[in-house]
Amino acid sequence: MKPATVLRVMAVLSGALRAAVRSKKIATNPAQGVERPSIADRPNRRALDEGDVRLLLTAVAGTAYDVPVRLSIATGVRQSELLGLTWQNVDLEAKALGIVESLHRVGGEFTRQKPKSRAGTRIIALSDNTVALLKRH
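Asker: Explain the pattern of salt bridges here, please?
Answerer: Where charged atoms from two side chains of opposite charge approach closely, those side chains can pair. Counted by the stated rule, this structure contains seven salt bridges. Arg 70 is paired through a salt bridge with Asp 66; the nearest N and O atoms lie 2.8 Å apart. Note that Arg 70 and Asp 66 are positioned in helix 3 (residues 66-75) at a spacing of four residues, about one turn of the helix. We classify Arg 70 as partly exposed; its relative accessible area is 31%. Asp 66 sits in the buried class, given a relative accessible area of 16%. The salt bridge involving Arg 78 is made with Glu 81; its shortest N-O contact spans 2.7 Å.

This is how it looks when you write it as structure tokens:
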């Protein structure tokens, strides 16, 4: 498992053991002394600069990826949110799109999921250029 996953599992387990200590089921929390994995080794992520964006747009021009990549750059939506978009969630007159679900691969099958938090469900304003792009598409 990845370190972040191990940390989440450890947090849940430690919480359950703390509850057991509070209810006097066990004397001490054995998870307290366990060394936690470091997530400091994660690769640094960086945003694309203007030159990177130009290269990307040149590479996808005229392909099936052209519109999705341009929409992603214009709105900043995550890949799963982009893949979960439907035309029902796009209002070209209001120049907005709604993020109400995302597409994920679970157990080898694709499934639509609602955002995990209320903040994940949101309306994103679209520029005139993005509206024109979507109308052409």
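Asker: Mind showing me how you'd approach helix 5 (residues 128-136) here?
Answerer: If you check which residues of helix 5 are buried, you get Thr 130, Val 131, Leu 133 and Leu 134. End-on, the buried residues of helix 5 take up no more than an arc of 160°, which puts them together on one face. With respect to the buried face of helix 5, the exposed residues turned more than 90 degrees away are Asp 128, Asn 129, Lys 135 and Arg 136.

Asker: Explain the side chain of Asn 29 to me, please; I cannot follow it from the model alone.
Answerer: Turning to its location among the elements, Asn 29 is positioned in the loop between helix 1 (3-22) and helix 2 (50-60). Of note is the side chain of Asn 29, whose polar atom sits 3.4 Å from the backbone oxygen of Ser 14. Not counting residues up to four positions away in its chain, the partners in contact with Asn 29 are Ser 14, Leu 17, Arg 18 and Val 21.

Asker: Hey, could you run me through the side chain of Asp 66 in this one?
Answerer: A polar contact of 2.8 Å, which involves the side chain of Asp 66, links it to the side chain of Arg 70. Excluding anything up to four places from it in sequence, Asp 66 contacts Val 60 and Ala 61.

Asker: Where do I start with the sheet that holds strand 5 (residues 122-125) in this structure?
Answerer: A sheet is described by the order of its strands in space; here three strands give the open sequence 1-2-5, paired in antiparallel fashion. Among the strands making up the open sheet, the edge pair consists of strand 1 (90-91) and strand 5. Examined bridge by bridge, strand 1 and strand 2 (residues 96-99) share two bridges and lie antiparallel to one another. Directly across from Val 90, in strand 2, lies its bridge partner Leu 97.

Conventions adopted
Throughout, a residue's number is its position along its own chain's written sequence, starting from 1. Side-chain atom pairs in this predicted model are given and counted only at pLDDT of 80 or more, local residue features only at pLDDT of at least 70, and totals for whole chains, interfaces and linings cover all residues. The side-chain quantities take in all heavy atoms of the structure and omit both hydrogens and water. Think of a salt bridge as a Lys or Arg side-chain nitrogen and an Asp or Glu carboxyl oxygen that are within 4 Å of each other. Think of it this way: any DSSP run of H or I at least four residues long counts as a helix, any run of E at least two long counts as a strand, and we number them from the N terminus. Think of it in three bands: residues with accessible area under 20% of the maximum for their type are buried, residues over 50% are exposed, and the middle band is partly exposed, with areas taken using a 1.4 Å probe on protein chains only. It is the directions from the helix axis to the C-beta atoms that the arc portrays. Side-chain atoms alone can form a polar contact between residues adjacent in sequence; in general such a contact is a pair of N or O atoms within 3.5 Å, and within protein one must be able to donate a hydrogen while the other accepts it. Contact definition: two residues touch when any of their heavy atoms are within 4.5 Å. Here, a strand pair is defined by DSSP locating no fewer than two bridges between the strands.

Limitation: the analysis is restricted to geometry and does not speak to function.
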